[in-house]
Structure formats: C-alpha cells, structure tokens
Amino acid sequence: MTFPSNALMLRLLASLVCTALAACDGAGPATSRHGGLSDAAPASGNLPVQGKTGPIGASVHGATVAHASAAKASTGTSASASAAPFGSYLRPYAATSLWNARPVNPTFGTFVIPRSSYFPTVASGAYSTGVFLASTTDKPMTIVGPGSTDAHTVGVADPDNGGNRVITLPRWPASVLPASGTDGHADIVDPVTQTIHSFWQLKQKDGRWTAALYSWSKLSGNGWGDPAHYYQGARAVGIPASAGLIRKHEIKDGLAAYPHALAMSLTKNGLANGVTSPAYIFPATSADNTAAANTGAIPQGALIMLPRSFDSSEITNPDLKKIVETLKLHGAYVVDYNTGTPFVIYVENDAGFNLMPTGWDGKIASQLDQIRASLRQVTAVQGWTDGNGNAANAAIKAQQNMNILSMRGPWSRQSGTGTAAYDSAGQRLVFEPASGKTVYVNASNAGLTRVNWAIPPQGAHVELSVSATGGATLRLQVSSNGARTEETKDLQNGQSTRFVWPADAKLTLTATSGTHGASSVKASLVKVP
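Keep in mind the model is a prediction, meaning the values are calculated, not measured.

Student: Explain the overall build of the chain here, please?
Tutor: Along the backbone of the chain there are six helices and 29 strands. Taking the intrachain contacts of the chain between residues at least 6 apart in sequence as the baseline, contacts between residues at least 24 apart amount to 73%. Looking at the chain as shown, the accessible area adds up to about 19,900 Å², and 53% of this sits on carbon and sulfur atoms.

Student: Before we go on, may I ask you to explain the environment of Arg475 in this structure?
Tutor: Within the element layout of this structure, Arg475 appears in strand β25 (residues 473-480). Given a relative accessible area of 21%, Arg475 falls into the partly exposed group. Note: C-alpha distance between Arg475 and Glu487 (twelve residues apart in sequence) is 7.4 Å. Not counting chain neighbours up to four residues away, the residues in contact with Arg475 comprise Glu487, Thr488, Lys489, Asp490, Thr508, Leu509 and Thr510.

Student: Would you take a moment to explain the nonpolar core for this structure?
Tutor: One broad rule of soluble globular proteins: the nonpolar side chains tend to lie buried together. Within the largest apolar cluster, 72 residues are counted, with the highest numbers of intra-cluster contacts made by Trp99, Trp224, Tyr333, Leu429, Trp501 and Val521. Setting aside anything within four residues of it in sequence, one finds Val521 in contact with Met407, Arg428, Leu429, Phe431, Val466, Ser467, Ala468, Ala472, Thr473, Leu474 and Ala511. The next biggest cluster of nonpolar side chains, apart from the first, holds 35 residues, and it includes Ile304, Leu327, Ala332 and Ala365.

Student: Where do I start with helix α4 (residues 318-329) in this structure?
Tutor: Think of an α-helix as 3.6 residues a turn; residues three or four steps apart then line up on the same face. Taking 1.5 Å as the rise per residue, α4 with twelve residues should run 16 Å; its terminal C-alpha atoms sit 16 Å apart, in good agreement. Looking only at α4, the buried set comprises Asp319, Leu320, Lys322, Ile323, Val324, Thr326, Leu327 and Lys328. At its buried positions, α4 is contacted by β3 (121-123), β14 (262-266), β15 (303-305), β16 (332-337), β17 (343-346) and α5 (362-374). Capping of α4 at its N-terminal end is provided by Asn317; its side-chain oxygen lies 2.9 Å from the backbone amide nitrogen of Asp319. Gly331, located one to two residues past α4, shows a positive phi value of around 85 degrees.

Student: I keep staring at the sheet that holds strand β11 (residues 203-205) and nothing clicks. Help me out?
Tutor: Each strand in a sheet pairs with its neighbour through backbone hydrogen bonds, running either in the same direction (parallel) or in the opposite one (antiparallel). Strands sit in the order β8-β5-β12-β11 across an open sheet of four strands; the sheet is mixed. The two strands at the open ends of the sheet, each matched to only one other strand, are β8 (167-169) and β11. Strand after strand, the sheet turns through a mean of 35 degrees between neighbouring axes, direction not considered. The pairing of strand β5 (residues 141-144) with β8 spans three bridges and is classified as antiparallel. Bridging across to β8, Ile143 finds its partner in Ile167.

Student: Can you walk me through the pairing of strand β18 (residues 376-380) in this structure?
Tutor: When a strand is regular, its side chains alternate between the sheet's two faces. Where strand β2 (residues 107-108) and β18 come together, two bridges link them in antiparallel fashion. What sits directly across from Thr107, in β18, is Ala380. In this sheet, β18 lies alongside β15 in antiparallel orientation, the contact comprising two bridges. Across the sheet, residue Met305 finds its bridge partner in β18, namely Arg376.

Student: Looking at this model, I keep getting lost on the sheet that holds strand β27 (residues 496-500). Mind explaining?
Tutor: Judged by pairing direction, the sheet is antiparallel, and its five strands sit side by side in the order β21-β22-β29-β24-β27 without closing on themselves. Two strands in the sheet have a free side with no partner beyond their single neighbour: β21 (420-423) and β27. Here the average twist between neighbouring strands, direction ignored, is 25 degrees. Bridge count between strand β24 (residues 461-469) and β27: five bridges; the pairing is antiparallel. By the bridge assignment for β27, Val462 is matched with Phe499.

Student: I'm lost on α5 in this one. Help?
Tutor: With 13 residues, α5 extends 19 Å between its outermost C-alpha atoms, agreeing within 8% with the 18 Å of an ideal straight helix rising 1.5 Å per residue. Looking at α5, one finds that the buried residues are Ile364, Ala365, Gln367, Leu368, Asp369, Ile371 and Arg372. In this structure, the buried residues of α5 make contact with β3, α4 and β17. With a side-chain oxygen lying 3.0 Å from the backbone nitrogen of Lys363, the N-terminal cap of α5 falls on Asp361.

Student: What is the right way to read the side chain of Thr449 from this model?
Tutor: If you trace the backbone, Thr449 turns up in the loop between β23 (439-442) and β24. With sequence-adjacent residues up to four places away left out, Thr449 is seen in contact with Pro227, Ile404, Ala454 and Ile455.

Student: What am I meant to see in the confidence of the model for the chain here?
Tutor: Detailed reading of predicted coordinates is not advised where the pLDDT is low. Residue-level pLDDT values for the chain average 87, and 84% of them are 70 or greater. Considering only residues more than four positions removed or in separate chains, one finds that residues 2-79, a stretch of pLDDT under 50, has 212 contacts.

Student: Sorry, what's going on with unusual backbone geometry here?
Tutor: Excluding glycine, residues mostly carry a negative phi; peptide bonds, for their part, are mostly trans. Following Phe282, the chain continues to Pro283 via a peptide bond in cis, the omega torsion being 10 degrees. Relative to the assigned elements, Pro283 resides in the loop between β14 and β15. Cis geometry is found at the peptide bond from Gly409 to Pro410, where omega equals 15 degrees. Secondary-structure assignment places Pro410 in the loop between α6 (393-398) and β20 (412-415).

Student: Can you help me understand the packing of aromatic side chains in this one?
Tutor: Note on aromatic pairs: each is described by the distance of the centres and the angle between the planes. With the rule as written, the count across this model stands at eleven aromatic pairs. Between Trp172 and Phe199, the aromatic rings sit 5.9 Å apart at their centres with planes inclined by 75 degrees, giving edge-to-face as the arrangement. You can see Trp172 sitting in the loop between β8 and β9 (186-190) and its partner Phe199 sitting in strand β10 (residues 195-200), a full 27 residues away along the chain. With respect to class, Trp172 is no different from Phe199; both count as buried.

Student: Mind showing me how you'd approach the packing of α4 against α5 here?
Tutor: The geometry of a pair of packed helices is captured by two quantities: the angle between their axes and the separation between those axes. Where α4 meets α5, the axes come as close as 12 Å, and the angle between the chain directions of the two elements is 5 degrees. The orientation of α4 relative to α5 falls into the category roughly parallel. Along the contact surface, α4 presents Leu320, Val324 and Leu327, while α5 presents Ile364, Gln367, Leu368 and Ile371. In the contact of α4 with α5, the residues fall into six nonpolar, one polar and no charged.

Rules and cut-offs
- Residues numbered from 1 in each chain as written.
- Predicted model: local features only at pLDDT ≥ 70, side-chain atom pairs only at ≥ 80, totals over all residues.
- Heavy atoms only, no water.
- Helix = DSSP H or I, 4+ residues; strand = E, 2+ residues; numbered from the N terminus.
- Contact = heavy atoms within 4.5 Å.
- Areas by Shrake-Rupley, 256 points an atom, 1.4 Å probe, with all protein chains shown as cover.
- Buried < 20%, exposed > 50% of the residue type's maximum accessible area, 1.4 Å probe, protein only.
- Core = buried A, V, L, I, M, F, W, Y, C linked by side-chain atoms within 4.5 Å.
- Expected span 1.5 Å × (residues − 1).
- Polar contact = N/O pair within 3.5 Å; in protein donor to acceptor, adjacent residues only side chain to side chain.
- Pairing = 2+ DSSP bridges.
- Axes fitted to C-alpha atoms, helices over the stretch in contact; angles between N-to-C directions.
- pLDDT = per-residue confidence, 0-100.
- Phe/Tyr/Trp six-rings, centres within 6.5 Å; stacked < 30°, edge-to-face > 60°.
- Parallel < 35°, antiparallel > 145°, perpendicular 65-115°, else oblique.
- Nonpolar A, V, L, I, M, F, W, Y, C, P; charged D, E, K, R; others polar.

Next up, the structure:
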C-alpha cells in the first residue's frame, strides 16, 4: 500500500517516507509480491519468471498454532468463525459490519477486470498478514520509528494523532512475526481492550521493534474507518491488513462459503484513477496516493462479486469452490493495489492454504481467469442482511453519515497554566489537573474530515454535539472564504447546536478545561437527515 491522497500532509512527516512503488506494497511480478506465489505463471501461459517446479501458496512464516487454541479458550467456542461471537478474534467486527453483512439483489457494473502479467491468485505470504492474539499474561512492548538508535528515538507515524509518537502496547505476543514483504504487515488483537493494533513496515532489528506506521481499530466495530478516525489500519483504504482475510480456522470448517466478505487487491489496469472517477468510495476512507497512474474503473472500497448465475459446476477443487460461493454470497472489497496480478484474495499467513499443492496447475489457473472475467463491481443493492440474518439497511445507511470532526491537533495553549493532549483511544482532548481554567485553540482545520464522500454539501444542515467531563467546554467557529459564518457558544456536556454548512468550510475549535481536577472534551459533527 501507499499512503492516501487525503493524508498527503501526514506523508510529509519524516517516518512516512514511501518514495516508490517498490517500497509501497512491492514491485515487479506477483512472484515476488505475494509470498506464497513464488511460482505463479504469467497470464499468457508462458513459463513463469521463476519457474513452475516449487510449491505454490506456501507461507513464509513459522507456525503460530497457539492462536486458535487461545482464541477457543478466550471465547468459549470451537475454533470456527460461524460458532464464535461477532466482535471476537475468530469473528471480527459487528454483525452489521459490511464485512459480515451480505447484499440483497445487487446490481452490477459492466467493467471487466483486465488480464495483466500474471494469473489471479488466492494466497498468504509476503503481502498478507498474520493475526496475533495477545493474552493477559503477555508483557508490554514499545515500538519506535525507523532509524531509532540507543541515543536517538524516532516516533512511529500515527495518522489519527497527526504526527509521530512512540507506541507502547500493554500486551505483545511472543509469536509476532511481520509479513516478509516491504509492507511488513502485522495485526495484533488485544482481547482485554478489544482492539486491533495494525502495523506497517514492522521489523525487529538490533533488539528493538520498529514500524513506519501504526493505527488501531475496535474489534467490535465496523471494520472500516469512519470520517473522523479515518485511518484505522495498514491497508491503503485505512483498515487493518487482517480485515476480510481468509482465516486459518475457516478453511476446513465444513461451510460451503466463508461467512464474510473477502479482502482483494487489484493492479493498476483495474483501479480507478481518481481523476475521471473517484479513487475510493464508501466504505473506504482513503486510497493509494499513486491512483493517478491507474487506468481502470474500479475504485478502492468497491464491492466485487460474482453473479449468482456464474457456472461453477466444473470447479472441483473444494478450496476454490468455497471462494466462488463466497464471491457469489458476500463478495470481496478492494482494499489495496498490487503489481501485475488482476486480483489477489488474501489468506492469513500460516494457514496452509494452497490451491496448487503439487505444483503449477493450468486448470486452476484457467478457472481463476474465468472468475476474473466474470467478477463485477456492485453499483447498487436492494438491501442488506447482517451476519445474524436480520435486515441491516438502517444500520449500514447510518455508517455513511458518521462523525466528521476529530479532536486531533495541533492544539496551542491560549491561556491558563494547564496542559492538554489528544487521546486517540478516547477520541478526545484531555486536560491535566490545574488550578483555574486553561484554554486551548486549534485553528488548523486538521480535525475536519478529508474523506470525500463524508464532507457535507454546501447548504446541508449539520449538528454539533459535545461530550465533556469535569466541566470542560467546546466552542466552534466556522468560516467560508475568509468570512466567519458561524460561532457557537461554549457548549457543555450534552449540549448541541445546528447550523447550515457553508462552502469551503474552515473550522476553529476552542476547548476550555474545567476548574477542578482532570477534564476532557470531544465532539460529534454530523449531517442532519
């Protein structure tokens, strides 16, 4: 992945260096990009660059077999996704998450994913990820930025904080092993805080862990960024690399289809360029900033499916058959780009998944190409059914009208003697105890969403609501083309106000602490239906 265009400011930070495609989700043929594809053949059917004799789909990681048993113990269920509760290590995200929901009577576009240098594939390896379950007895771990030494510490880029910081996780599994590709993905699930910690370019070197980027998301959440907390993982669309993975405990679970949508990447000739059509759409909250080089028509975040009429009668491989049935029922979301492969569907590392266990199989490759030719983008749906089989139309519609205001900095103290800092976990500004009131101001507009589909249109009615503790307050000033259009009073906990959204809105936030002990404030700004 590369960093999203709507996060260009963040990419200027020193540790967010991504100078070429080769450093941002790999370069060259699929053989080198997706660790299990060391023997993938070109789509032309000619001999592959690295031969056809070795095993296909072999993971590059050592086994982490303790995860399934640990998950079983922590959830009280069998190691089956269909038996585990939603929002758990074995079955991430809410039942109403788009990962767990399925569309009703979808309408399809006409664009056909083109062929490219290599056949489509389904695999684990260098550009997938492991999913590492922490336990209550695991020790803390501190992660620093690349280039850190004993004498000089560099922070890890944290998009939600708008800067770099040293990351300390309270529980770090001993089995953590990043994917071997240049993205170095690794996702860690903390069952205590119910958080997925997602890393990009994670490495262990010279006795320390380093990473170029860190993001977090809630295990029981939607599995996608929201407009305010828009970057929640290491994939290009701002989600954890583990979202949509075919998990190891699901492969032989006896079900005809995986119980969730899959994660898919496309290459440049399949993806939209962000100029003639959007580079990303809901539910994605970002996209690769190299999108202008794309020549296709499918935006990142798009749902891709096989029509129910797709004839799978000749597909006898049970693993591929299960993928086909999943693509008919749930589909796959486009979450990243790759180099040279029409589509890649990602499998958890160490899953032992292998469509060609005895070597190159031209029949399987041909069937993968037939799938490519039949996949279509979903352009409309009649409705949604959640993971429990209930109607989910309202819940999914609500996900398109979420909070667009973050309390991230930079903040500067205007008066008083206290200090305040942005708390990502609480999505709030926290004041330390101090005598008297302390006032902080943020005029950077950094808190206003850059998610294109979430920005209110001019003339829309919006509502600002404040949630505060300890007597803190928040005031909002809105300007348009240099002229102030709105200024609220100092809003206390539970108070709200409505106003009309102007063109080219710029926001100034003024937060005032309480006068006794610690205090905090956060806000929600949403379009009024």
